[in-house]
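The primary structure of each chain is shown beneath.
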Amino acid sequence: MSADRLYAYVGAVLVALALYAFLVHTHVLRRLLAFNVMGGGTFLILVGLAQDGRGPDPVPQALVLTGIVVAVSATALAIILLRRWFATSQTTSLPEDGSS
Amino acid sequence: MSAQSLLPWMLMVPLSWATLMVLLAQQRDAITRVVNVVGALVLVGLSVALYAGVAQEGLAVHALGGWSAPLGIALRADGLAATLVVLTAVVSSACGLYAMTSERAARTNGKSAPRYFWPLFWLLITALNGIWLAGDLFNLYVGLELLGLSAVGLVALGGSEASLSSALRYLMAALLGSLAYLLGVALMYAAYGTLALPELAELITREPMTQLAIALMTVGLCLKTALFPLHGWLPPAHGVALTPVSAMLSALVVKGSFYILFRLWFEVAPDVVTPLAAQGLGILGAGAVLWGGWQALRESSLKMLVAHSTVAQLGYLFIFFPLAVGTGATAAALATQGMLLHVVAHALAKSAMFLASGTLIASVGRGGVADLAGVGRHMPMSLFAFGLAGVSLMGLPPSGGFNAKWLLLQSALASGQWFWLLVLLGGGLLTAGYVFRVFRESFLESPDDAGQFTKTPRAYDLFALTLAAMSVALGLASRAPLRFMTNGLAVMAGVQ
């Protein structure tokens, strides 16, 4: 198995683990971390699978750079909302999800 | 200017106005108001010019910076994209003017308007235009994320506990949805080495990897379009947001992800998708029509009622799939026309209904349906706008909603799938039920209602009425826009 193929498989495992965590946890920060791990896994698949057996490819790397920018801004927005939510409600999970 | 050279401006103008609004955040009201009105005029003007240009020259393609695919970003506008650009400009201008009026009303009452509304408002338009005009899967992803982030920001602007929790819930759903979509994009690129829509459409073959990619993207997009049973995030987000925000979210934002789904299924991969999967989407759509309608019927808050109605109306869009996949050319063409007309008619009617509801609530001072008692005498124009929008949502003739449902109904008959008829009829009855419920409460007379209604700006009704009238007028003149929208779509190839 080539290294690129291995990256893709590791990415798939990360996505599966993170998806489980995202669905199970109610603590918003934990879900946010799960989202970031899932994003990392997706990026590994994006680059690994595209380069598998074809050599370096600039397009998926450019896509991943954009993806990282998007993920960072989404995380920042989520953290700001979460901080404000914690300040007003004193809880870390959303109303219908129960307590964490 | 040719349509081709207009394309980048459809993104540049709203993006520049978003930046401008950040810079002007500390300025006096009058300045931001003038700049916003100018922006709305420029946006509508450019959109109409693009529409006219595409009508004249056909498909317009622009390679940004002279870089062609795969490294460059191509913008494309066919009839459908140009129509949606105009729809976005019209609906968001009306909502923007409504927001300006309400800011002014808030200021005269000594209250402050939420900061950062305008940058987010313009960013939302940028993202929408980016999606309508995108020529490749990754550009669609960026548009989708930008749309989600600016929409979440707009929902959170309310600042209350409820708006914060709805915004967070919305953000979680949006993030999960776009990651599923991105995963599909990754598989597509690995399989075909390109993400440009026309190239993909030529290369794509029916194999397990592609089907997995399409499935992942479909699930992600359904989550973002709030398809039943993944709709849980929508009613709170659309229900608690500021009125013009609710209107734009329900009218335009949910259509963004649906538009990508349509392009994916019918332009990129028509040979990969299966009738079985389409039936599945149709059944979920039917579930949305009935469940959303039922929830709207039982809802006690007016804006939540309208938000549940959005869930139901989005269901109709998914009934389109079983009518168009694996059926004859005529049935597919009728279904496509019905679905596209429904997208436009619902956008106009639902934004009108949200604006009218917001006006009613502003007048009554409370948000419950039961609190509306007596409002019929004091706010006839708002209630008229609400009713006019309701006519289109129910699908009564003559309205855009009626023509859309009529086309879907004919397609159901043409493809021999009469059971979708029952869903269409049941959904119409439920819609009538919740619209008339609002009317019943409004015309009740309570003994002590004199003087407890706040006067609202006249302009409020003007915007709601204009949008509602347009959704009804669409029923009288739907042939030309329909022909333009469906021109060049692959799914129409069999009949044109």
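The structure reproduced in this document is the subject of the present report. Fair warning: this is a prediction, and the values are worked out from it, not measured in the lab. (Residues numbered from 1 in each chain as written. Chains lettered and ligands numbered in written order. Predicted model: local features only at pLDDT ≥ 70, side-chain atom pairs only at ≥ 80, totals over all residues. Heavy atoms only, no water.)

1. Observations concerning the overall build of chain A
The helix and strand inventory of chain A stands at three helices and zero strands. In chain A, the succession of α and β elements from N to C terminus is α-α-α. In terms of overall dimensions, chain A is more spread out than a globule: its C-alpha atoms have a radius of gyration of 16 Å, far above the 13 Å expected for 100 residues. With respect to the principal axes defined by its C-alpha atoms, chain A has extents near 50 × 25 × 15 Å. The buried share of chain A, taken over its 100 residues, is 41%. For chain A, the exposed surface amounts to about 5400 Å²; the carbon and sulfur share of it is 68%. Distance between charge centres in chain A, computed from 6 positive and 5 negative side chains, equals 9 Å. (Helix = DSSP H or I, 4+ residues; strand = E, 2+ residues; numbered from the N terminus. Rg over C-alpha atoms; globule rule 2.2 N^0.38 Å. Buried < 20%, exposed > 50% of the residue type's maximum accessible area, 1.4 Å probe, protein only. Areas by Shrake-Rupley, 256 points an atom, 1.4 Å probe, with all protein chains shown as cover. Lys, Arg positive; Asp, Glu negative; His and termini not counted. Charge placed at Lys NZ, Arg CZ, Asp CG, Glu CD.)

2. Quick notes on the overall build of chain B
Looking only at helices and strands, chain B has 19 helices and two strands in total. Summarising its shape, the C-alpha atoms of chain B cover approximately 70 × 55 × 40 Å along the three principal directions. Looking at the 496 residues of chain B, the share that counts as buried comes to 64%. Once local pairs closer than 6 in sequence are excluded, the contacts in chain B between residues at least 24 apart make up 81%. In the structure as shown, chain B presents an accessible area of about 17400 Å², 66% of it carried by carbon and sulfur atoms. (Contact = heavy atoms within 4.5 Å.)

3. Some points on the environment of B:G328
Residues and elements named next belong to chain B. With respect to the secondary-structure elements, G328 resides in the loop between α12 (302–324) and α13 (329–364). By relative accessible area, which is 41% here, G328 ends up partly exposed. It is 30 Å that separates the C-alpha atoms of G328 and A473, two residues lying 145 residues apart in sequence.

4. Observations concerning the nonpolar core
All names here are of chain B. Core analysis: the largest hydrophobic core is formed by 219 residues, its most contacted members being L50, L137, Y181, M188, W265 and F321. Broken down by element, this core gets its largest block of residues, 21 residues, from α13. Ignoring sequence-local partners within four residues, the contact set of Y181 consists of L137, L140, Y141, L144, L216, M217, L221 and I260. (Core = buried A, V, L, I, M, F, W, Y, C linked by side-chain atoms within 4.5 Å.)

5. Points about the pairing of strand β2 (residues 74–77) of chain B
Residues and elements named next belong to chain B. Residues L75 and A77 of β2 are buried on one face, while the alternating residues A74 and R76, pointing to the opposite face, are not. Bridge analysis of strand β1 (residues 60–63) against β2 gives four bridges, and the strand direction is antiparallel. Across the sheet, the residue bridging to V61 is R76, located in β2. (Pairing = 2+ DSSP bridges.)

6. Quick word on the environment of B:Y259
All names here are of chain B. By secondary structure assignment, the location of Y259 is in helix α10 (residues 243–268). Overall, the relative accessible area of 5% leaves Y259 in the buried class. For the pair Y259 and L80, spaced 179 residues apart in sequence, the C-alpha to C-alpha distance is 9.7 Å. Non-local contacts of Y259, meaning those with residues more than four positions away in its chain, are made with L80, A81, L84, I131 and W132. At 2.7 Å, the side chain of Y259 and the side chain of R263 are in polar contact. (Polar contact = N/O pair within 3.5 Å; in protein donor to acceptor, adjacent residues only side chain to side chain.)

7. Structural notes on unusual backbone geometry
Both trends apply: most residues other than glycine have a negative phi, and most peptide bonds are in trans. B:P229 follows B:F228 through a cis peptide bond whose omega is 0 degrees. When you line up the elements, B:P229 lands in the loop between α8 (208–224) and α9 (234–240). The omega angle of the peptide bond from B:P397 to B:P398 is -5 degrees, so this bond is cis rather than trans. Mapped onto the elements of the fold, B:P398 is located in the loop between α15 (380–394) and α16 (400–414). Its identity as a non-glycine residue notwithstanding, A:Q90 has a phi of 60 degrees, on the positive side. Looking at where A:Q90 falls in the secondary structure, it is placed in the segment after α3 (58–89). One non-glycine residue, B:A226, adopts positive backbone phi at about 60 degrees.

8. A look at the pattern of salt bridges
Counting across every chain of the model gives five salt bridges over all chains. With a shortest N-O distance of 2.6 Å, A:D52 and A:R5 are connected by a salt bridge. Of the two residues, A:D52 sits in the loop between α2 (28–51) and α3 while A:R5 sits in helix α1 (residues 3–24), which places them 47 residues apart along the sequence. Of the residues examined, A:D52 reaches a relative accessible area of 18% and is grouped as buried. With a shortest N-O distance of 3.8 Å, B:E267 and B:R263 are connected by a salt bridge. Here B:E267 and its partner B:R263 are both found in helix α10, four residues apart, which amounts to about one turn of the helix. Where salt bridges share partners, they join B:D78, B:R263 and B:E267 into one cluster. (Salt bridge = Lys/Arg side-chain N within 4 Å of Asp/Glu carboxyl O.)

9. Structural notes on the interface of chain A and chain B
Interface size is commonly expressed as the accessible area that is lost once the parts come together. Between chain A and chain B, the residue contacts involve 38 residues of the former and 30 residues of the latter. In this assembly, chain A and chain B are joined by two residue pairs in polar contact (both at pLDDT 80 or more). For the side of chain A that touches chain B, the secondary structure elements donating two or more residues are α1, α2 and α3 of chain A. Ranked by residues supplied to the side of chain A that touches chain B, first place goes to α3(A) with 16 residues.

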